[in-house]
Amino acid sequence: HVQLEESGGGLVQAGGSLTLSCAVSGRIFTINVMGWYRQVPGKQRELVAQTTSGGSSTYSDSARGRFTISRDNAKNTLYLQMNSLKPEDAAVYYCKQNIYTFPEGSKDYWGQGTQVTVSS
């Protein structure tokens, strides 16, 4: 049974930094695509950053240059380092990972979300 557990959210002043973590547990074979999304009330969930097992990473326009997505394969943990935070970055942040398990095959799994609040 695969589970994703997120941590690292909280309250930070504008210009500050936070690092989000997303740890995967369970019997997994491979993790293919990993991403961070965010959602504010009344809006659709949007992709912030994404990385693949091959090491290719992409960022939204708002995240590029300020956020860094990374992974620790040994710990099956995905990170999002967020610098120079702005009030408009405030949202619930979710990680999503495409994970291959047996016998389920390849599926998308979501974390429970972690709140990021940025004060101006």
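Residues numbered from 1 in each chain as written. Predicted model: local features only at pLDDT ≥ 70, side-chain atom pairs only at ≥ 80, totals over all residues. Heavy atoms only, no water.

Let's talk about the side chain of Arg66
- Structurally, Arg66 can be placed in the loop between β6 (57–59) and β7 (67–72).
- What makes Arg66 buried here is its relative accessible area of 11%.
- If we ignore the near neighbours within four places in the chain, the residues touching Arg66 are Gln81, Met82, Asn83, Ser84, Leu85, Lys86 and Asp89. (Helix = DSSP H or I, 4+ residues; strand = E, 2+ residues; numbered from the N terminus. Buried < 20%, exposed > 50% of the residue type's maximum accessible area, 1.4 Å probe, protein only. Contact = heavy atoms within 4.5 Å.)

Some thoughts on the packing of aromatic side chains
- All chains considered together, the criterion is met by three aromatic pairs.
- Residues Phe29 and Tyr100 carry aromatic rings whose centres are separated by 6.2 Å and whose planes lie at 85° to one another, so their mutual orientation is edge-to-face. Pair noted here: Phe29 is in the loop between β3 (18–25) and β4 (30–39) and Tyr100 is in strand β9 (residues 91–101), with a separation of 71 residues, a long-range link.
- Residue classification places Tyr100 among the partly exposed positions, given a relative accessible area of 36%.
- One aromatic cluster in this structure is built from Tyr37, Tyr94 and Trp110.
- One residue, Arg45, lies across the ring of Tyr94, its end atom 3.6 Å from the ring centre.
- In this arrangement the basic side chain of Arg45 is found over the ring face of Trp110, its NZ or CZ atom lying 4.6 Å from the centre. (Phe/Tyr/Trp six-rings, centres within 6.5 Å; stacked < 30°, edge-to-face > 60°. Lys NZ or Arg CZ within 6 Å of the ring centre and 35° of its normal.)

A short note on the sheet that holds strand β1 (residues 3–7)
- Spatially, the four strands line up as an open sheet ordered β1-β3-β8-β7, and their pairing is antiparallel. Single-partner strands in this sheet number two, and they are β1 and β7. Taken over all neighbouring pairs, the strand axes of this sheet differ in orientation by 15° on average, direction set aside. (Pairing = 2+ DSSP bridges. Axes fitted to C-alpha atoms, helices over the stretch in contact; angles between N-to-C directions.)

Observations concerning the state of the cysteines
- According to the stated counting rule, one finds one disulfide in the structure shown.
- The disulfide partner of Cys22 is Cys95, and the S-S distance across this bridge is 1.9 Å. With Cys22 in strand β3 and Cys95 in strand β9, this residue pair connects regions lying 73 residues apart in the sequence. (Disulfide = S-S within 2.5 Å.)

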